[in-house]
Every structure is written in C-alpha cells, then in structure tokens.
Amino acid sequence: MTSIKIKNLNAYYGEKQVLKEINLDIGEKRVTAIIGPSGCGKSTLLRCINRMNDFIDIFRAEGEIDIDDKDIMQMDPVLLRKQVGMVFQKPNPFPKTIFENVAWGPKIHGTKDKSTLNKIVNNSLKQAALWDEVKGRLKDNALGLSGGQQQRLCIARALAVSPEVILLDEPCSALDPVSTAKIEDLIVALKKHYTIVIVTHNMQQAARVSDNTAFLLNGDLIEYSDTDTLFETPKDKRTEDYITGRFG
Amino acid sequence: MDNVTARKRIGKVFWAMCLASTGIALIVLAMLLYDSITDGLPWLDLQFLSSFPSRIPARAGIKSALYGSIWMMAFTALISLPLGIGAALYLEEYEKESLLKRIIETNISNLAGVPSIVYGILGLALFVRTLRLERSILSGALTMTLLILPVIIISSQEAIRAVPKSIREASYALGASKWETTRHHVLTNALPGILTGSILALSRALGEAAPLIMIGALTFIAFTPQTPFDPFTVLPIQIFNWISRPQEEFRFLAAAGIIVLLIFLLSMNAVAIIIRNRYEKYSRW
Amino acid sequence: MVRKGFEKELRKLEDSVIEMAETAKKSIDTSVESLKKKDVKLAKETIALEKEMDKNSLDIENRCMRLTALQQPVAKDLRFIASMLKISDTLERVGDYAGKIAKITIKTKDKPLAKPLIDIPKMAELSKEMIDIDIEAIRSKKVEGIEEKLTQRDDVIDNLYEQIYKELLMMMFERPQIISDATDLIFVGRYLERIGDLACKVANRTIYMVDGRRTLIK
C-alpha cells in the first residue's frame with residue numbers, strides 16, 4: 001500500500017509563503033491528522049497531496065511529494081486524483097441520484113458494465129456505512145439525504161474509484177455530533193484499507209481518530225508525533241499552548 | 001416614544017408610495033390588455049390565423065407573419081444558443097481572470113444595451129449586403145442573434161457561476177478531466193438557468209420589429225416561407241403595418257395580432273418559468 | 001491568554017491541594033506530639049484533621065471530574081488534573097496514617113511510653129520536610145533535583161525505622177511485659193516510614209505533571 005513522503009515542500013500564494021520547508025512522512029494504512037489554527041496552511045498542505053491547489057492561478061509549490069516513491073508533482077493530476085480521493089468540508093453530492101453519485105467516478109474511468117457498476121455502488125455504500133439507510137432508494141436525489149448521510153455518500157463516492165489515499169478536509173465541521181461520531185467510526189474502520197489524512201480544527205476529533213498528528217503553525221510544521229504523545233506530553237511549547245486552548 | 005411614532009409614519013408613507021408605483025404599472029398593463037382584447041377579440045378567429053394579409057380587412061389574416069415568427073425564432077435559437085452558451089462557458093470555465101476578460105465582459109454588457117435599430121443597420125450591411133443573404137429569414141435570424149447574444153451570454157454566465165465551486169471540486173477530486181467536469185456537472189446544472197435566460201432573450205427577439213424593418217422585412221408577404229432563404233415577415237411588423245393603415249378595421253386587426261403575439265410571448269415565458277420551477281427543487285446546494 | 005475561567009479553576013485546584021498538604025503536615029505534627037505527651041485532645045484534633053482531609057480529597061476529586069468532563073483537558077492541563085487527583089488521594093492516606101498514630105495515643109493514654117521518643121520525632125520532621133519539598137515543587141512547577149532531595153531523606157527515614165525496629169525488638173526480648181506498647185511504637189515507626197514513601201509518590205506525580213516524565217522515586 002501507500003505511504004506519502006513530503007520532502008522540503010514550500011508553497012506560495014502569489015508572494016506570500018504559506019508552507020515552509022515541510023517534511024512529513026505519512027504512514028500507510030494509518031490515520032494522520034493535521035491540526036493548527038485557521039490560516040496555518042493545513043488545508044493547503046492537504047490539497048497539495050492531490051494537487052487541488054492547481055486550480056488557484058496564483059498558487060505555486062516547490063519540493064517533492066512521493067506516493068509509492070513517485071513524485072506526484074511530476075504526475076498528471078487527473079491520474080493522481082484517481083489514486084488520491086478527497087472528501088470536503090461541506091458535503092457536496094452531485095444533484096443526481098444516490099446511485100449516480102457513486103457510479104459516476106467509475107463510469108468516467110471506463111467502467112461501463114451495468115452489473116459491475118451495481119457491485120461497485122453497493123460495496124462503496126456498504127464501506128461508507130450508508131447502505132442500510134439508502135438501499136431502498138438508490139434512485140432518489142442525493143440532496144434529499146441528511147447532512148451526515150450526504151457526507152457519507154461523498155465518502156462512498158470517493159471510495160468507488162478505489163483510491164489508495166483518502167484526504168479528508170474538515171469532514172465533520174458542518175455536521176451534528178451523532179453524524180460526526182458515525183463519520184469518525186467510519187474513518188477508523190477505513191484505515192484497514194486506506195491511508196487517510198484528515199485536516200481538522202477539532203482537536204478532540206484528531207485525538208479520537210488519528211494515529212499520528214502533525215501540528216502546523218503559520219506554515220511551519222511545529223511538531224509531528226504519535227497522537228498519544230502529542231496530546232499528553234507535547235514537546236513544543238507552541239503545540240501545548242494550541243492544544244490546551246491557550247493560543248493567542 | 002414620539003420619535004418611534006414619527007419613524008413608523010415615515011415607514012407607512014414609503015409603503016404607500018411603493019404600493020402606488022406597483023398599482024400604476026398594473027393599471028397601465030390592464031388598460032393595454034383591455035384595449036387590445038375589446039378591439040381585437042371579435043376579429044380573432046380561425047380565418048384570421050389561416051389567411052394571408054389582404055387589402056380587404058375582412059379577408060386579411062396573420063398566417064404569413066405567424067409562420068415567419070416561428071421560423072425566425074427557430075433559426076435564432078439554433079444559432080444564438082450554441083454561440084451564447086459556448087461563449088459563456090469559455091469565459092467562465094476556461095478564460096483566466098485577466099484584464100482582457102474584464103474588457104470583454106464589460107463590452108458584452110454594453111452590447112446588451114445597444115439600441116436594436118443599430119443591430120438592424122449592422123445586419124443590413126453585413127448579412128443582407130456583404131454576405132448576400134438578401135432579405136431572408138437567415139438574415140433576420142442572424143441579426144436577431146446579434147441582438148440577443150449579449151443577453152444570452154450574460155444570463156448563461158450567471159447560471160454557470162451559480163453552479164457551486166464545491167461541485168466542480170467534487171468532480172475533479174474523483175479524477176475527472178476539465179471536459180468531463182464541464183460537460184457532466186457545470187453544464188447539466190447550469191442548463192435550467194441557461195434555458196430560462198435564453199427563452200426570455202428569445203421572447204425579446206420575438207417582439208422586436210425595428211431591426212427587421214431595417215433589413216427590409218417590411219413587405220407584403222402572401223405566402224409561408226419554405227427555406228431559410230425566403231423573404232418573410234413577422235408578427236410585430238404585420239401589426240405595425242396594419243396600425244399604419246388609415247382604415248378603422250385594420251386597427252382591430254392589429255389588436256387581434258397583438259393578442260396572438262401576447263399569447264406567443266406569454267407561453268414562451270411560461271415555459272421558462274416551468275423549467276425554472278422544475279429544477280429549483282434541487283438547486284439548493 | 002484565553003480560557004480564563006478554566007485557568008482560574010486550575011489555580012484554585014492547586015491551592016486546595018497545597019492546603020491539603022499543609023494539613024497533612026499539621027496532622028503528622030499533632031499525631032506525634034499527642035503520642036509524645038499522651039495528649040488525648042491533640043489526638044482527637046488529629047482525627048478531626050483526618051476527617052477534614054477525607055472530605056477535601058473527595059471535593060478535589062469531584063472538581064477534577066467536573067473539569068475533565070466540561071473542559072476536555074489535554075497535555076499539561078490533563079497531566080495537571082490527573083496529578084491533582086492522585087496527589088490529593090495520596091495526601092489523604094498521609095492523614096489516615098496520622099489518624100492511626102492518634103488512635104494509638106488514645107488507646108495507650110494511661111500507660112507510659114515504652115521508651116522515650118527520640119527517633120520518631122526525627123522521622124516526623126523528615127517526612128514533613130519531604131512534604132514541604134513536594135509543596136514547593138507543585139507551587140513553582142520546578143522539579144530539578146527533587147529526586148535526590150527526597151531519596152536522601154527517605155533513606156534516612158528508612159534507616160531510622162530499621163533502627164527503631166531492632167531496638168524495640170531487643171527491648172521486647174528483655175522485657176516481655178512491654179511487648180504490646182513496643183509493638184505500638186513499631187507501628188508508629190512503620191506509619192511514618194509509609195508517610196515518607198507517600199511523599200515520594202507525590203513527587204512522582206509532580207514530576208509527571210511538570211514535564212511528563214514517568215519516575216519511580218522509592
């Protein structure tokens with residue numbers, strides 16, 4: 001499976017440097033959390049891993065990000081994104097049926113056979129712990145689902161193209177506590193098969209779901225260690241101030 | 001406390017003014033409708049719809065104008081929709097933010113405000129004379145396309161812009177290419193908005209007489225067009241034609257023509273409203 | 001600095017624990033003093049102190065639970081609250097031992113001491129010093145050298161106990177009639193030796209609280 005090695009990554013929005021010399025080894029089949037205050041560059045870092053920043057005209061990145069020892073900065077982003085799935089802050093299902101939402105990804109990647117598609121959709125929905133709630137109404141519009149269900153649908157949609165890495169950008173920030181708990185359980189269950197990177201501003205969430213945690217501040221990687229260690233005995237004063245809420 | 005009473009009174013005065021403005025608009029519209037219907041309704045019958053224009057009012061009808069309008073609309077739509085939507089897609093999805101893009105967009109907005117007669121002059125010079133398309137339906141449709149293209153582009157741009165960024169991101173994150181994203185998500189989701197805007201623009205074209213008069217559609221046409229290269233007339237021109245006659249009866253014919261035109265216009269607008277309502281349910285992202 | 005209310009609660013928690021430590025010291029004092037003077041009133045005072053400490057310990061526990069539930073502490077806050085919880089529990093046990101000494105006083109109030117108290121007051125002094133070292137570390141959040149300071153004193157206490165034990169054993173061989181009184185004194189020595197160990201436990205928690213190190217003094 002897949003580990004991610006980020007080497008000397010620098011990123012800029014125009015003149016402003018938003019990531020400074022980031023070096024980070026993300027372990028395979030582990031959940032790695034990136035935490036930090038707003039504007040610290042954590043989302044930018046996450047979006048470097050599937051090159052979603054390419055859509056920002058003034059964005060520029062230098063350095064190396066290796067997935068399976070291949071530098072993704074040199075890869076075709078369209079191919080990369082099949083390998084690295086992403087789930088966003090706000091649930092963003094397509095305004096189509098539940099089935100179409102999950103099946104669309106495999107379809108554009110060349111799966112045409114109806115029964116194969118059915119199988120993919122069923123498996124993805126099961127993996128995303130949504131199957132039991134939607135099995136009778138796959139032909140309903142996805143926008144009729146609740147926020148938490150929509151977010152799990154987005155996870156199922158990402159799983160459907162069988163990625164190796166899943167990036168989660170504050171996936172629970174728009175959800176209620178029960179939906180949040182479901183998604184968190186799901187994240188823990190998914191790490192058996194996927195390498196997961198999650199950006200969150202909810203530190204308890206990072207503590208609950210992740211194996212490793214990275215703390216970012218103003219574009220610097222301040223501390224990166226086991227989640228247990230980081231939350232019990234952080235090495236850096238700035239990490240401590242942030243996680244104990246003494247920041248700023 | 002007195003202060004509050006005074007402030008509330010100002011509010012009431014303002015409310016009354018707004019009500020009066022709305023009332024005036026409605027009254028004018030009602031008068032227009034009343035006038036047309038009382039004058040025109042007795043003349044509106046099957047014979048009126050299926051006869052060609054004639055010097056004798058009792059035998060005159062609107063058939064050629066009605067056919068002309070339908071032909072015109074069809075060709076205008078056929079030409080203007082692909083051009084307008086294509087331009088809007090290019091501007092919204094492909095062209096990067098730049099000075100050039102801003103200049104283009106400003107100019108399109110300005111073009112939407114140019115008087116229609118100017119397009120008529122352009123159509124006359126370009127299509128009728130230079131391209132030698134003569135006074136044909138095609139010339140008319142091309143001229144009308146010029147007239148409504150800015151409106152279609154602007155309203156399509158609005159509709160495309162209204163498709164949330166998050167949908168595009170979702171698509172790209174699945175490994176979709178730009179074309180797949182544009183085709184399956186941007187266009188699909190923007191289409192109701194694009195169609196609504198375009199139909200409203202087309203209905204403006206339907207009511208226009210000036211540019212067509214300019215390119216020479218104001219002629220006596222006693223046949224229905226068979227090809228896009230045939231000469232033609234349209235409803236507003238026929239109405240204008242009748243109104244400029246001295247005989248009282250032609251004024252009634254004109255009123256009957258207005259009713260037909262209004263029905264035509266209102267049904268197009270109704271289609272636009274139906275499309276919008278149909279898709280509105282699922283546009284709350 | 002944000003989370004002012006939380007910060008204030010934490011400071012108040014620390015004050016309560018330090019106050020408990022002071023009470024523990026006082027109870028060591030009164031218990032040994034009551035034994036020395038066969039003063040039942042002092043002994044009863046010690047028992048009252050024990051009761052007070054039981055109550056305070058429970059109160060501190062409640063506050064720790066509440067802060068944990070409501071504030072979800074992590075890192076140093078978590079270590080602080082967990083340490084306060086355990087330190088207050090340990091200090092309560094110091095109170096228990098002092099109470100046991102006081103009960104021996106009450107039980108033997110009419111009999112003379114088996115031997116004059118020399119080493120036992122020394123042990124009491126040393127254990128109080130150790131608690132003082134703990135208090136200072138909790139208050140200043142500085143734990144440099146605390147291990148040496150405590151080990152040194154704890155070794156002395158252990159030796160004194162060993163000495164008392166052997167001495168009284170010898171006396172019991174010689175005069176079997178004082179076996180009961182001498183055993184009581186051995187227990188008193190044993191209790192004070194345990195109090196020394198408890199002071200070391202408090203230090204372990206304090207070190208963990210300050211820099212997250214897990215130590216095992218004693």
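Only a predicted model underlies this, so the values are computations on that prediction, with no experimental measurement involved. (Residues numbered from 1 in each chain as written. Chains lettered and ligands numbered in written order. Predicted model: local features only at pLDDT ≥ 70, side-chain atom pairs only at ≥ 80, totals over all residues. Heavy atoms only, no water.)

## Some words on a nonpolar patch on the surface
Thinking step 1. Among the surface-exposed residues, Leu29(B), Leu32(B), Leu33(B), Ile37(B) and Leu41(B) lie close enough to one another that they form a single nonpolar patch of about 430 Å² accessible area.
Thinking step 2. One can find Leu41(B) in the loop between helix 1 (2-40) and helix 2 (46-50). (Patch = residues over 30% accessible without salt bridge, like charges linked within 9 Å, V, L, I, M, F, W, Y side chains within 5 Å. Areas by Shrake-Rupley, 256 points an atom, 1.4 Å probe, with all protein chains shown as cover. Salt bridge = Lys/Arg side-chain N within 4 Å of Asp/Glu carboxyl O. Helix = DSSP H or I, 4+ residues; strand = E, 2+ residues; numbered from the N terminus.)

## As for the sheet that holds strand 8 (residues 195-199) of chain A
Residues and elements named next belong to chain A.
Thinking step 1. Pairing is mixed across the open sheet formed by 6 strands, whose spatial order is 6-7-8-3-9-10. Strand pairing shows two members of the sheet lacking a second neighbour, strand 6 (84-87) and strand 10 (220-226), which therefore form its edges. Ignoring which end each strand starts from, the neighbouring axes of this sheet average 15° apart.
Thinking step 2. As paired strands, strand 7 (residues 165-169) and strand 8 are joined by 5 bridges and run parallel to one another. Paired with valine 165 across the strands is threonine 195, a residue of strand 8. (Pairing = 2+ DSSP bridges. Axes fitted to C-alpha atoms, helices over the stretch in contact; angles between N-to-C directions.)

## Remarks on the side chain of Thr213(A)
Residue and element names in this part refer to chain A.
Thinking step 1. As for its position among the elements, threonine 213 is in strand 9 (residues 212-217).
Thinking step 2. Looking at threonine 213, the relative accessible area reads 0%, which means it is buried.
Thinking step 3. A polar contact of 3.2 Å, which involves the side chain of threonine 213, links it to the side chain of serine 210.
Thinking step 4. Excluding anything up to four places from it in sequence, threonine 213 contacts Ala33, Ile35, Glu223, Tyr224, Ser225, Thr227, Leu230 and Phe231. (Buried < 20%, exposed > 50% of the residue type's maximum accessible area, 1.4 Å probe, protein only. Polar contact = N/O pair within 3.5 Å; in protein donor to acceptor, adjacent residues only side chain to side chain. Contact = heavy atoms within 4.5 Å.)

## Observations regarding the interface of chain A and chain B
Thinking step 1. Each side of the interface is counted separately: chain A has 26 residues, and chain B has 20 residues.
Thinking step 2. Together chain A and chain B conceal approximately 2000 Å² of surface at their shared face, both sides included; 65% is due to carbon and sulfur atoms.
Thinking step 3. Summed over the three residues of chain A that lose the most area to chain B, namely Pro95(A), Trp104(A) and Leu143(A), the buried surface amounts to 26% of that side.
Thinking step 4. Here Glu169(B) ties to Arg47(A) by a salt bridge, and the two come within 2.9 Å at their closest N and O atoms.
Thinking step 5. Between the two partners, chain A and chain B, sit 4 residue pairs in polar contact (both at pLDDT 80 or more). (Buried area = accessible area lost by both parts, 1.4 Å probe.)

## Some words on empty space enclosed by the protein
All names here are of chain C.
Thinking step 1. Within the structure shown, the criterion is met by 4 cavities of 30 Å³ or more.
Thinking step 2. One number sums up the size of the largest cavity: a volume of about 70 Å³.
Thinking step 3. Around the largest cavity sit Leu35, Lys38, Ile104, Thr108, Lys111, Pro112, Leu113, Ala114, Asp181, Asp184 and Leu185, which together line it.
Thinking step 4. Here the lining of the largest cavity gets 3 residues from one element, more than from any other, and that element is helix 6 (residues 179-211).
Thinking step 5. Residues of the lining of the largest cavity, tallied by class, amount to 6 nonpolar, 1 polar and 4 charged. (1 Å grid on protein atoms, 1.4 Å probe; cavity = no way out; pocket = protein on both sides within 12 Å on 5 of 7 lines; lining within 4 Å. Points joined across faces, edges and corners; volume = space filled by probe spheres on them. Nonpolar A, V, L, I, M, F, W, Y, C, P; charged D, E, K, R; others polar.)

## A closer look at the packing of helix 3 (residues 98-108) of chain A against helix 6 (residues 147-160) of chain A
Residues and elements named next belong to chain A.
Thinking step 1. In contact at an axis separation of 7 Å, helix 3 and helix 6 are set at 25° when each is read in the N-to-C sense. As the angle between them shows, helix 3 and helix 6 are arranged roughly parallel. Between helix 3 and helix 6 the crossing geometry is right-handed. Here Ile98, Asn101, Val102 and Pro106 of helix 3 come into contact with helix 6, specifically with Leu153, Ala156, Arg157 and Ala160.
Thinking step 2. Here the residues of the contact of helix 3 with helix 6 are counted per class, giving 6 nonpolar, 1 polar and 1 charged. (Parallel < 35°, antiparallel > 145°, perpendicular 65-115°, else oblique. Left-handed = near helix turned anticlockwise from the far one by under 90°.)

## Notes on the interface of chain C and chain A
Thinking step 1. Counting from both sides, the interface comprises 15 residues of chain C and, opposite them, 13 residues of chain A.
Thinking step 2. A combined buried area of about 1200 Å² lies between chain C and chain A, and 48% of that area is made up of carbon and sulfur atoms.
Thinking step 3. For the chain C face of the interface with chain A, the top three residues by lost area are Val74(C), Ala75(C) and Lys76(C), together amounting to 39%.
Thinking step 4. Counting across the interface, chain C meets chain A through 2 salt bridges.
Thinking step 5. Broken down by element, the side of chain C that touches chain A gets its largest block of residues, 4 residues, from helix 3 (residues 75-107) of chain C.

## Examining the pattern of salt bridges
Thinking step 1. Inspection of the entire model under this criterion finds 44 salt bridges over all chains.
Thinking step 2. Each of Arg246(A), Glu7(C), Arg11(C), Glu14(C), Asp77(C) and Lys141(C) takes part in a single network of salt bridges with overlapping partners.

## As for the domain arrangement of chain B
Residue and element names in this part refer to chain B.
Thinking step 1. For chain B, the assigned domains read domain 1 (2-43) and domain 2 (48-284).
Thinking step 2. Between domain 1 and domain 2, the residue contacts involve 7 residues of the former and 12 residues of the latter.
Thinking step 3. A buried area of about 760 Å², summed over both sides, lies between domain 1 and domain 2, and 77% of it is on carbon and sulfur atoms.
Thinking step 4. Among the residues domain 1 hides against domain 2, the three largest losses belong to Ser36, Asp39 and Trp43. Together they make up 73% of the total.
Thinking step 5. The interface formed by domain 1 and domain 2 includes 1 salt bridge.
Thinking step 6. A salt bridge links arginine 251 to aspartate 39; the shortest N-O distance between them is 3.2 Å.
Thinking step 7. On inspection of domain 1 and its partner domain 2, the count reaches 1 residue pair in polar contact (both at pLDDT 80 or more). (Domains from an automatic or database assignment.)

## Considering the nonpolar core
Thinking step 1. In this structure, Leu212(B), Leu235(B) and Trp242(B) are the most contacted members of the largest nonpolar core, which totals 64 residues.
Thinking step 2. Contributions of two or more residues to this core are made by helix 3 of chain A together with helix 3 (63-94), helix 5 (116-130), helix 6 (137-161), helix 7 (165-173), helix 8 (178-207), helix 10 (235-243) and helix 11 (248-280) of chain B.
Thinking step 3. For this core, the leading source of residues is helix 11 of chain B, giving 11 residues.
Thinking step 4. Ignoring sequence-local partners within four residues, the contact set of Leu235(B) consists of Ile62(B), Ala65(B), Leu66(B), Ser69(B), Val260(B), Leu261(B) and Phe264(B).
Thinking step 5. Of all hydrophobic cores here, the second largest spans 62 residues; its members include Met84(C), Ile104(C), Ile146(C) and Ala199(C). (Core = buried A, V, L, I, M, F, W, Y, C linked by side-chain atoms within 4.5 Å.)

## Overview of helix 5 (residues 146-174) of chain C
Residue and element names in this part refer to chain C.
Thinking step 1. Given a rise of 1.5 Å per residue, 29 residues ought to cover 42 Å, and the 42 Å separating the end C-alpha atoms of helix 5 matches this to within 8%.
Thinking step 2. Where helix 5 is concerned, the buried positions are Ile146, Leu150, Asp154, Ile157, Asp158, Leu160, Tyr161, Ile164, Leu168, Met171 and Met172.
Thinking step 3. Along its buried surface, helix 5 packs onto helix 4 (119-140) and helix 6. (Expected span 1.5 Å × (residues − 1).)

## Quick notes on the pairing of strand 9 of chain A
Residues and elements named next belong to chain A.
Thinking step 1. With 6 of 6 residues buried, strand 9 is to be regarded as a mostly interior element.
Thinking step 2. Residue alternation in strand 9 divides its side chains into two sets, Asn212, Ala214 and Leu216 and Thr213, Phe215 and Leu217, and both sets are buried.
Thinking step 3. In this sheet, strand 9 lies alongside strand 3 (residues 31-35) in parallel orientation, the contact comprising 4 bridges. In the sheet register, threonine 32 faces strand 9, and the bridge partner there is asparagine 212.
Thinking step 4. Where strand 9 lies against strand 10, 6 bridges are found, and the strand directions are antiparallel. Note that in strand 10 the partner of leucine 216 across the bridge is leucine 221.
Thinking step 5. Where strand 9 hands over to strand 10, the hairpin turn is made up of 2 residues, of which asparagine 218 adopts a positive phi near 50°.

## A word on the sheet that holds strand 5 (residues 70-71) of chain A
Within a beta sheet, neighbouring strands are joined by backbone hydrogen bonds and run either parallel or antiparallel to one another.
Residue and element names in this part refer to chain A.
Thinking step 1. Spatially, 4 strands are ordered 2-1-4-5 in an open sheet, and the strand pairing comes out antiparallel. Two strands bound the open sheet, and with one partner strand each, they are strand 2 (16-26) and strand 5.
Thinking step 2. When strand 1 (residues 4-13) meets strand 4 (residues 59-67), the two strands line up antiparallel, connected through 8 bridges. Opposite isoleucine 4, over in strand 4, you have isoleucine 67 as the bridge partner.
Thinking step 3. In the packing of helix 1 (residues 42-49) onto the sheet, the strands contacted are strand 1, strand 2 and strand 4, and the crossing angle to strand 2 comes to about 60°.

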